[in-house]
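# Working through the structure, step by step
Spelled out from the first residue to the last, the chains are:
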Amino acid sequence: MEEVETIRNELAAVDTGILEALSRRRALVERIAQAKERVGAPIRDPSREERLLEELVAAGRRLGLDAHVVTRVFGEIIEDSLRCQHRRLLADPDPGVSCVAFQGVSGAYSEAAARRYFAPQLDRTSFRGFATFQEVVEAVEAGEADYGILPVENTSAGSINEVYDLLSCARLTIVGEEIFRVDHCLLTLGEVPLSAIRAVLSHPQALAQCMRFLSRLPQCEARPFPDTAMAVRKIKEEANPELAAIASEEAACLYGVHVLRRGVQDQRDNFTRFAIVARKAAPIDRRVPCKTSLVMATPHEAGALLKALSVLHQHEVNLVKLESRPIPGLPFQYRFYLDLEGNTAEPRIAAALAGLRRVTTSLTVLGCYPTHDYPRTRPRLRPPAAERAGEQAAPPPVASAAAGGAYPLARRDAKPEGTVVTVRGVRIGAGECVVIAGPCAVESREQIRQCARQVRECGAHLLRGGCFKPRTSPHSFQGLGLEGLQYLAEAGAEFDLPVVTEVLSPADVELVARWADMLQIGARNMQNFSLLTEVGRCQKPVLLKRGMMATIEEFLGAAEYILAQGNHQVVLCERGIRTFETLTRNTLDLGAIAILQRLTHLPVVADPSHAAGRRDLVAPLALAARAVGCHGLLLEIHPDPARALSDGPQALPFGEFADLMRSLQGG
Ligand code: PEP
Ligand code: MN
């Protein structure tokens, strides 16, 4: 026991050292901000940030630290430094005391978001709840409050139309935004079984976001309430153990009720974006990244919207949101809400606005405000040699038009520039060779976590792991199902890796799509047309594996099924076909990888693991697939291949995987 105490004291001393170092760093950041201000230098220098992170990763490795940990910690530190520099450039919004109006009662999500936004001046800010959004607007207009906070959109439920309509006629301007993660909890008076709950009270939006969870509660009624915190207050007053509310954990604390379940919303990632409004706009230094929100109407004639959008294109303005709304009182006429990246003080944005005025019938700037989120710089864990390999020109289109008749959407000339499939930020088909690695099957929380860590450390891009396994024998390990999906998603989130996993049946598509960033269709299902149709209807990218007996054109026909449903995010995977050869598990068809690039615009990756069936051939086949131009690789790895529950003989142990990654990266 005494030893533990001594070590804890040492840890505390190290932590204090870290804090002191951070504080010294802050002071330097202040000085650098002043120096930059004097010369008017930009705050961000992405290539310097990238270099800095790479050096830190290398230094960290020499000290025995994971690249992942170093990237994460310093990502946070760099972001803090940027925020500090931006804050300096912004005039203090209100040196005095200010009052913020929100809709709802204490404990509402709007209040929590407001507290987050006003965190730097909480000691001189008060918050006041109003019954409706309209009253919030009126309170700010009348000077009863200095600021208002209004939810404008939710990532599951969409835009909050009432707020948009209010903003378009309010005498207010948007001065800021806050993006708030909404994690709904099921709250009760005490610990009760789910089956005992008879009614769940909450705001209709919150109920809608938890529909799937609620539909699983037997004999339970969803009761709409004006707001989430009020629902909590109500169950507390009623003192009835059969009542529950859906609200935030903060509301549970505030009203002293029990959190029975966390994260009951249908979408794991559920965010609400709030606008902060005030009577007057404050000028914003041009070096602070900003958004500008507008509402405009175009004449009722062909090409009017296109003309407006081409003005933005002409001035190289990035549009981050476009939404149409009916104009009240003018049936079937619409106006558009736009969010642009940029500051109205920049000549580029001013010129775009002037151009827009010429082609619209009305245009109002709702506000210009600092952007909430900062794109993170990521160090490249790859040496430049691999990039050279990716710099090949697009292959020429196929000469014969007849060949592509059965797959008009997939054929090369439907999109000669090639498709880039983006899986949570990772671009497949864009030039760099994307490595997808992980175990054949998710076997335990710890196993997939170890794999994820290795995938991240080696500079690979996506994490794979089967949860529903298509096994030749029903007596073999069939995968962990939903439990596996949860472990996989958790490991992906911890190491910031998008995850891909196989879906076996049309009925599981919705479930798998909820947890995975990319859905895999296995070789055995390549011509399961109802499954192809179902994944074609979902919004997630698809990794389609070639059937072991399928011709190249049948393979493209299968891709066509997915494209025909409207999902264009398809990556093809050559994983070896069955030939007369028996010494390898399958025969990797390198010719197919080469010709597919001529026949189709879809990216093509290679899976040397399933092709070889034995680990000693995985590296040479991977390099061969690279040589014929594949856009990525799918590799099976395992912390202890001898004990793997499936495909152990072809799994690379971690060291061999690291060696292969090094040779793929050019040494
Ligand atoms: C897999 O990738 O785990 C798999 C089952 O592959 P295939 O469908 O290519 O056999
Ligand atoms: Mn496998």
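Note: the structure precedes this text.
The present account deals with the structure reproduced in this document.

The rules we used
Residues numbered from 1 in each chain as written. Chains lettered and ligands numbered in written order. Predicted model: local features only at pLDDT ≥ 70, side-chain atom pairs only at ≥ 80, totals over all residues. Heavy atoms only, no water. Near = heavy atom within 4 Å. Polar contact = N/O pair within 3.5 Å; in protein donor to acceptor, adjacent residues only side chain to side chain. Areas by Shrake-Rupley, 256 points an atom, 1.4 Å probe, with all protein chains shown as cover. Nonpolar A, V, L, I, M, F, W, Y, C, P; charged D, E, K, R; others polar. Phe/Tyr/Trp six-rings, centres within 6.5 Å; stacked < 30°, edge-to-face > 60°. Helix = DSSP H or I, 4+ residues; strand = E, 2+ residues; numbered from the N terminus. Buried < 20%, exposed > 50% of the residue type's maximum accessible area, 1.4 Å probe, protein only. Pairing = 2+ DSSP bridges. Axes fitted to C-alpha atoms, helices over the stretch in contact; angles between N-to-C directions. Contact = heavy atoms within 4.5 Å. Core = buried A, V, L, I, M, F, W, Y, C linked by side-chain atoms within 4.5 Å.

Our next topic: the site of ligand 1. The immediate surroundings of ligand 1 are formed by R464, K469, E502, Q520, G522, A523, R524, K545, R575, H610 and E636. In the model, an oxygen atom of ligand 1 is placed 2.7 Å from a nitrogen or oxygen of the A523 main chain. Between ligand 1 and the protein, one listed contact pairs an oxygen atom with a side-chain N or O atom of R575 at 2.6 Å. Isolated, ligand 1 exposes 290 Å² of accessible area, and the fraction of that covered by the protein chains is 97%. Class assignment for the residues of the shell around ligand 1 results in 1 nonpolar, 3 polar and 7 charged.

Okay, the packing of aromatic side chains next. According to the stated counting rule, one finds 5 aromatic pairs in the structure shown. Ring geometry for Y109 against F180: centres 6.5 Å apart, planes inclined by 65°, an arrangement best described as edge-to-face. With Y109 in helix α4 (residues 109–117) and F180 in strand β5 (residues 173–181), this residue pair connects regions lying 71 residues apart in the sequence. The same class applies to Y109 and to F180, which are both buried. Here F118 and Y147 contribute two aromatic rings whose centre-to-centre distance is 5.2 Å and whose plane-to-plane angle is 50°, an arrangement assigned as tilted. In this pair, F118 sits in the loop between α4 and β2 (125–130) while Y147 sits in strand β3 (residues 147–154), placing the two residues 29 residues apart along the sequence. Just as F118 is buried, Y147 falls in that class too.

On to the sheet that holds strand β18 (residues 434–438), then. What the 8 strands build is a closed barrel, ordered β18-β19-β20-β21-β22-β23-β24-β25; its pairing is parallel. Between one strand axis and the next, the sheet turns by 25° as a mean value, whatever way the strands run. Summarising the sheet, strand β20 (residues 499–502) and strand β21 (residues 518–521) pair through 3 bridges and their orientation is parallel. By the bridge assignment for β21, E502 is matched with Q520. Against the sheet, helix α14 (residues 445–457) touches β18 and β19 (462–464), its axis set at about 150° to β19. Sheet strands touched by helix α17 (residues 529–537): β21 and β22 (542–545). Its angle to β21, the strand with the most contacts, is close to 170°.

Attention shifts here to the nonpolar core. Judged by nonpolar contacts, the single largest core of 69 residues is most densely connected at L463, L519, L544, L572, L633 and F657. Ranked by residue count, the leading element in this core is helix α18 (residues 552–564), at 7 residues. Once residues within four sequence positions are removed from consideration, L572 is found in contact with L544, F555, L556, A559, L596, T600, L602, P603, V604 and V605. Judged by nonpolar contacts, the second largest core, of 35 residues, contains A114, A229, I235 and A245.

This part covers the pairing of β5. Across the 9 residues of β5, 7 count as buried, placing the element largely inside the fold. Direction of pairing for β5 relative to strand β11 (residues 271–278): antiparallel, over a ladder of 8 bridges. In the strand pairing of β11, R181 is matched with F271.

Interpretation in functional terms is not warranted from these geometric data alone.
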